[in-house]
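Inside the fold
Below, each chain spelled out in residue letters.
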Amino acid sequence: MGEEELAEMVQHTSTKNRNFQAHSKKMKLPQYLSSVAEALTAFMCILSSSKEVVANIMDRISLHGDQERD
């Protein structure tokens, strides 16, 4: 993986993180979790939001691996 690709991936991940933080404020996730249900709901929201980022990273890794084989 080239230095430019890595820098681009870090920038993209940082942007997604900022977007997630803004989104989580809109979702009004509780700052303190007072029940298991609240904790599970917050966890599922975070997991759902991060799923797209992980999928994009895996796609880039797969694409990069395919390019190296050619």
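Everything here concerns the structure above.
Residues numbered from 1 in each chain as written. Predicted model: local features only at pLDDT ≥ 70, side-chain atom pairs only at ≥ 80, totals over all residues. Heavy atoms only, no water.

Comments concerning the overall build of the chain
The secondary structure content of the chain amounts to 2 helices and 0 strands. Out of the 70 residues belonging to the chain, those deemed buried represent 9%. About 5900 Å² of surface is accessible on the chain, with carbon and sulfur atoms providing 58% of the total. (Helix = DSSP H or I, 4+ residues; strand = E, 2+ residues; numbered from the N terminus. Buried < 20%, exposed > 50% of the residue type's maximum accessible area, 1.4 Å probe, protein only. Areas by Shrake-Rupley, 256 points an atom, 1.4 Å probe, with all protein chains shown as cover.)

Quick look at the environment of Phe-20
Structurally, Phe-20 is set in helix H1 (residues 3–27). According to the relative accessible area criterion, Phe-20 is partly exposed, its value standing at 23%. Distance in space between the C-alpha atoms of Phe-20 and Ser-49 is 7.0 Å, their sequence separation being 29 residues. Not counting chain neighbours up to four residues away, the residues in contact with Phe-20 comprise Cys-45, Ile-46 and Ser-49. (Contact = heavy atoms within 4.5 Å.)

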